[in-house]
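# Tertiary structure, described
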Amino acid sequence: MLKCASFFAGVGGIDIGFENTKKFEVVYANELDPYPVKTYELNSKIKVDCRDINEVKCEEIPDFDVMLAGFPCQAFSVAGYRKGFDDEKGRGTLFFELIRIIKVKKPQIVFLENVKNLVGHDNGNTFSVILDELQKEGYHVKYAVLNAMEYGNIPQNRERIYIAAFRNVEQYKSFEFPLPIPLKKGLADIIDFKNRVDEKYYYTAGKYKGDIYEKLVEAMDDENAIYQWRRRYVRKNKSGVVPTLTANQGEGGHNVCLIKAAGGIRKMTPHECFNTQGFPKNFKLPENMSDARLYKQAGNSVCVSVIQRIAEKIIEAL
Ligand SMILES: C[S@@+](CC[C@H](N)C(=O)[O-])C[C@H]1O[C@@H](n2cnc3c(N)ncnc32)[C@H](O)[C@@H]1O
């Protein structure tokens, strides 16, 4: 078993992907936000260290072989501030907290996940700083942008960059990212179109201000498609997969993907969003946690099956 330490752990999507291989064991997880920590702990025997990473001293972290980190992407995302390492809230610089820990703990492997446009951010400067820093610490780095619907057998259009860094050059040479696989799962595998769900997810006449409901009824004619409310109109997602789940999908009311299912027009449930990230069907969500928080946690997380396939490739390389 290789020991993993997980940073910016969220609800633990990366951790589950690695542990699913049965070759990795998470021995430490850090996450600042108490809400995803609650979800994480409900599904794991790990007690998450919920301090700001800036406050965590290296000697407080147990020794580990593999660093796992989907570091915050706001600083790099086109949807965010476009400020990269200069982000005034310090989010861009959180990457250097990982470097601080790497310097002392010297893990055999560093695995990072981020938004696709990390590579192009600030004309490529941000990404070259990341690569330089890892190389300075003695790592050999491979990276790839993989789409969940092509590499994870999950019907979500989610492109993310995955970075695998090895201290050992032979392992680095042997490592290859996984190849594409056919998408066999459809929307009906992750969304329950047949049974009624909690009333609160349905749109009904008079429930919302204005003519949203009428517009939805008019536009949503397909029982096996995903729709999104775009301020004034309804957009049908023609690709037959769920669009990229985002962290802000639970905010502002109508951002969550919509479907026409048994019993009418409704939002996808938080559980369905976790399914859309390839989480195991028995993944538990805390009761008494608002849907907005759960949607955010799902959107912030990763496609577990893509992570698992990469983790299997890492094992092959060792
Ligand atoms: C993109 S999410 C990672 C989600 C994770 N991969 C998952 O599967 O759920 C980034 C996480 O970093 C956390 N975070 C942000 N700043 C932090 C800090 N200073 N210390 C610790 N965690 C932090 C956020 O709360 C957020 O959950």
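Residues numbered from 1 in each chain as written. Predicted model: local features only at pLDDT ≥ 70, side-chain atom pairs only at ≥ 80, totals over all residues.

## Structural notes on the overall build of the protein
Secondary structure assignment for the protein yields eleven helices and twelve strands. Compactness check: the protein gives a C-alpha radius of gyration of 20 Å against a globular reference of 20 Å for 318 residues, within 12% of the reference. Seen through its C-alpha atoms, the protein measures out along the principal axes to roughly 60 × 40 × 40 Å. Out of the 318 residues belonging to the protein, those deemed buried represent 41%. (Helix = DSSP H or I, 4+ residues; strand = E, 2+ residues; numbered from the N terminus. Rg over C-alpha atoms; globule rule 2.2 N^0.38 Å. Buried ≥ 20, exposed ≤ 12 C-beta atoms within 10 Å, placed from the backbone.)

## A short note on the nonpolar core
Judged by nonpolar contacts, the single largest core of 79 residues is most densely connected at M67, V110, A164 and I307. Setting aside residues no more than four positions away along its own chain, A164 makes contact with I109, F111, K142, F175, I310 and I314. (Core = buried A, V, L, I, M, F, W, Y, C linked by C-beta atoms within 7 Å. Contact = placed C-beta atoms within 7 Å.)

## Overview of the pairing of strand β2 (residues 24-29)
The pairing of strand β1 (residues 2-7) with β2 spans five bridges and is parallel. Its bridge partner lying in β2, S6 is registered against A29. (Pairing = 2+ DSSP bridges.)

## Some thoughts on the domain arrangement of the protein
On domain assignment, one finds that the protein holds domain 1 (2-184 + 302-317) and domain 2 (187-297). The centre of domain 1, based on its C-alpha atoms, is set 28 Å off from the matching centre of domain 2. Examining the composition of the side of domain 1 that touches domain 2, we find that five residues originate from one element, helix α2 (residues 34-42), more than from any other. Of the residues that constitute the side of domain 1 that touches domain 2, the class distribution is ten nonpolar, eight polar and two charged. (Domains from an automatic or database assignment. Nonpolar A, V, L, I, M, F, W, Y, C, P; charged D, E, K, R; others polar.)

## What to know about helix α3 (residues 94-105)
Taking 1.5 Å of rise per residue, the twelve residues of α3 would be expected to cover 16 Å, and the 17 Å separating its terminal C-alpha atoms lies within 8% of that figure. When α3 is considered as a whole, its buried residues turn out to be L94, F95, E97, L98, I101 and I102. Projected down its long axis, α3 shows its buried positions confined to an angular sector of 155°, all on one face. Residues of α3 that are exposed and point over 90 degrees away from its buried face: K103 and V104. Buried residues in α3 make contact with β1, β3 (66-69), β4 (109-115) and α4 (125-136). Of the residues flanking the end of α3, it is K106, one or two places downstream, whose phi is positive at about 45°. (Expected span 1.5 Å × (residues − 1). Arc of directions from axis to C-beta.)

## Focus on the pairing of β4
Within β4, seven of the seven residues are buried, which leaves it mostly tucked inside the rest of the structure. Examined bridge by bridge, β3 and β4 share four bridges and lie parallel to one another. Residue V66 lies in a different strand from β4, and its bridge partner there is I109. Pairing geometry for β4 and strand β7 (residues 159-166), over seven bridges, is antiparallel. Paired with I109 across the strands is F166, a residue of β7.

## A word on the site of the ligand
F8, G10, G13, L32 and G70 are the nearest of the 22 residues found near the ligand. Residues belonging to the shell around the ligand are distributed by class as follows: eleven nonpolar, eight polar and three charged. (Near = placed C-beta within 6 Å.)

## Description of unusual backbone geometry
Look at K106: it is not a glycine, yet its phi comes out positive at around 45°. Following the sequence through the fold, K106 ends up in the loop between α3 and β4. You will see that N288, though not glycine, has its phi angle at about 65°, which is positive. Considering the arrangement of structural elements, one finds N288 in the loop between α9 (270-276) and α10 (291-300).

## Thoughts on the confidence of the model for the protein
On average, residues of the protein score 91 in pLDDT, and 92% of them reach the 70 mark or higher. Every residue in residues 77-82 is under pLDDT 50, and counting partners more than four places away or in other chains gives eight contacts. (pLDDT = per-residue confidence, 0-100.)

## Some thoughts on the environment of K194
Following the sequence through the fold, K194 ends up in the loop between α7 (187-190) and α8 (212-219). Sequence spacing of K194 and K106 is 88 residues, and the spatial spacing of their C-alpha atoms is 51 Å.

## Side note on the sheet that holds strand β5 (residues 140-147)
If you walk across this open sheet you meet the six strands as β2-β1-β3-β4-β7-β5, and the pairing is mixed. Unpaired on one side and paired on the other, β2 and β5 mark the two borders of the sheet. For this sheet the average axis-to-axis angle between neighbouring strands, irrespective of direction, equals 25°. The sheet contact formed by β5 and β7 spans eight bridges and is antiparallel. Along β7, the bridge assignment pairs K142 with A164. (Axes fitted to C-alpha atoms, helices over the stretch in contact; angles between N-to-C directions.)

## Digging into the environment of L179
Among the secondary structure elements, L179 is positioned in the loop between α6 (169-174) and α7. Judged by the 9 C-beta atoms lying within 10 Å of it, L179 is exposed. Along the chain, L179 and I310 lie 131 residues apart, while their C-alpha atoms are 9.8 Å from each other.

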